[in-house]
Amino acid sequence: MKKNSLCSIMPWPAFVEQRLMQQTLTILKQISDWFDVSLGSAITIINCMVDKICGKADHFIMWPKGNKLNDTVEGFTSLRTNAFPKVVGAIDGAHIKILAPWIKRRSAHDAHVIKNSPVGEQLISNSLNLFPRDMHILGDCAYPLLHCLMTPYRDNGNLTREQRHFNYKLSSSRIVMEQSFGKLFGRFHRLR
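1. Focus: the overall build of the protein chain
At step 1: The secondary structure content of the protein chain amounts to seven helices and three strands.
At step 2: Seen in sequence order, the protein chain has helices and strands lined up from the N terminus as α-α-α-α-β-α-α-β-β-α.
At step 3: Counting every position in the protein chain, which comprises 192 residues, the buried fraction comes to 26%.
At step 4: Accessible surface computed for the protein chain: about 14,500 Å², of which carbon and sulfur atoms make up 60%.

This is the structure we're talking about:
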């Protein structure tokens, strides 16, 4: 089993793996027909491409540091007039339906997901010092308030004018995350 393969990341029950293999084989046959190559060649090319992408992931998916961090904050600030200050990014979750009738479906709350993930552990501990100089990311009220994760005040009908203004600025800056999901789902309709 290859180091970067899906099965090495998440072990599947045998019947799930068998169903995934059937669907994958169908897709690979279509690809080999589209590009007029043998099925074996299509599999080899796709495996090679996936390995190359996974091998370069650390060069493209990384936390900004130094000048890049400052550039990220400036870029985020430039997205909105009167933007929330010192924002590195925004966080949110999206539910993507998958057809898996044999697996008990369970929904997870954003706070639970973040608390039990490697990303969440880093946000909570900040052991890698990802958020220097009071920088932070923005989340909605489903996330816990942390030193580096700003969330809106809960509106129980008793917010002050300043708290409502704070929530408005936070939401107007955080909306880029919702817009990103909108573009993703608009481009890839099967994710809806």
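2. Here's the deal with the sheet that holds strand β3 (residues 149-150)
At step 1: Spatially, the three strands line up as an open sheet ordered β1-β2-β3, and their pairing is parallel. Taken across any chain shown, the strands that pair with only one partner, and hence form the sheet edges, are β1 (87-90) and β3.

3. Description of the side chain of Thr151
At step 1: Relative to the helices and strands, Thr151 is located in the loop between β3 and α7 (161-187).
At step 2: Note on Thr151: relative accessible area 10%, which makes it buried.

4. Some words on the pattern of salt bridges
Where charged atoms from two side chains of opposite charge come close, those side chains can pair.
At step 1: Within this structure, the stated rule accounts for two salt bridges.
At step 2: Residue Asp92 pairs with Arg174 through a salt bridge whose shortest N-O separation is 3.4 Å. Highlighted residues: Asp92 in the loop between β1 and α5 (110-115) and Arg174 in helix α7, separated in sequence by 82 residues.
At step 3: Relative accessible area serves as the criterion here: at 16%, Asp92 is assigned to the buried category.
At step 4: Taking the relative accessible area as the measure of exposure, Arg174 reaches 11% and is therefore buried.
At step 5: When salt bridges that share partners are traced, they join Asp92, Arg174 and Glu178 into one network.

5. Observations concerning α7
At step 1: Its 27 residues give α7 an end-to-end C-alpha distance of 39 Å, which sits within 8% of 39 Å, the value for a rise of 1.5 Å per residue.
At step 2: The largest bend along α7 measures about 35 degrees and falls at Ser173.
At step 3: Considered for burial, the residues of α7 that qualify are Asn167, Lys169, Leu170, Ser172, Ser173, Arg174, Val176, Met177, Phe181 and Phe185.

6. Quick notes on the layout of surface pockets
At step 1: For the second largest pocket, the calculated volume is near 420 Å³.
At step 2: Lining the second largest pocket are 17 residues; nearest its centre among them are Met62, Trp63, Val119, Leu123 and Leu130.
At step 3: Counting only elements with at least two residues in the lining of the second largest pocket, the list comes to β1 and α6 (118-125).
At step 4: Classifying every residue of the lining of the second largest pocket gives 14 nonpolar, two polar and one charged.

7. Observations concerning a nonpolar patch on the surface
At step 1: Together, Trp34, Phe35 and Val37 make up a nonpolar patch on the protein surface, roughly 380 Å² of accessible area in all.
At step 2: If you trace the backbone, Phe35 turns up in the loop between α2 (14-34) and α3 (39-60).
At step 3: Classification of Phe35 by relative accessible area gives exposed; the value is 61%.

8. Side note on α3
Because each turn of an α-helix spans 3.6 residues, side chains separated by three or four positions in sequence point in the same direction.
At step 1: When the terminal C-alpha atoms of α3 are compared, their 30 Å separation across 22 residues agrees well with the 32 Å that a helix rising 1.5 Å per residue should span.
At step 2: At Cys54, α3 shows its largest kink, close to 25 degrees.

9. Quick look at unusual backbone geometry
At step 1: One non-glycine residue with positive phi stands out, namely Asp36, at about 55 degrees.
At step 2: With relative accessibility at 71%, the residue Asp36 sits in the exposed group.
At step 3: Its identity as a non-glycine residue notwithstanding, Lys86 has a phi of 55 degrees, on the positive side.
At step 4: Along the polypeptide, Lys86 turns up in the loop between α4 (67-78) and β1.

10. As for the packing of aromatic side chains
At step 1: Evaluated as defined, the whole model comprises three aromatic pairs.
At step 2: Centroid distance Tyr153 to Phe166: 5.2 Å. Interplanar angle 70 degrees. Geometry classified as edge-to-face. Separated by 13 residues along the polypeptide, Tyr153 in the loop between β3 and α7 and Phe166 in helix α7 bring together distant segments of the chain.
At step 3: Given a relative accessible area of 22%, Phe166 falls into the partly exposed group.
At step 4: An angle of 15 degrees between the planes, with centres 6.1 Å apart, marks the rings of Phe181 and Phe185 as stacked. With Phe181 and Phe185 both in helix α7, this residue pair falls four residues apart, about one helical turn. The pair Phe181 / Phe185 is uniform in exposure class, with both members buried.
At step 5: Aromatic rings pair up to connect Phe84, Tyr153 and Phe166 into one cluster.

Cut-offs used in this document
Residues numbered from 1 in each chain as written. Predicted model: local features only at pLDDT ≥ 70, side-chain atom pairs only at ≥ 80, totals over all residues. Heavy atoms only, no water. Helix = DSSP H or I, 4+ residues; strand = E, 2+ residues; numbered from the N terminus. Buried < 20%, exposed > 50% of the residue type's maximum accessible area, 1.4 Å probe, protein only. Areas by Shrake-Rupley, 256 points an atom, 1.4 Å probe, with all protein chains shown as cover. Pairing = 2+ DSSP bridges. Salt bridge = Lys/Arg side-chain N within 4 Å of Asp/Glu carboxyl O. Expected span 1.5 Å × (residues − 1). Bend = angle between axes of the 7 residues up to and from the residue. 1 Å grid on protein atoms, 1.4 Å probe; cavity = no way out; pocket = protein on both sides within 12 Å on 5 of 7 lines; lining within 4 Å. Points joined across faces, edges and corners; volume = space filled by probe spheres on them. Nonpolar A, V, L, I, M, F, W, Y, C, P; charged D, E, K, R; others polar. Patch = residues over 30% accessible without salt bridge, like charges linked within 9 Å, V, L, I, M, F, W, Y side chains within 5 Å. Phe/Tyr/Trp six-rings, centres within 6.5 Å; stacked < 30°, edge-to-face > 60°.

No statement about biological role is implied by the geometric values presented.
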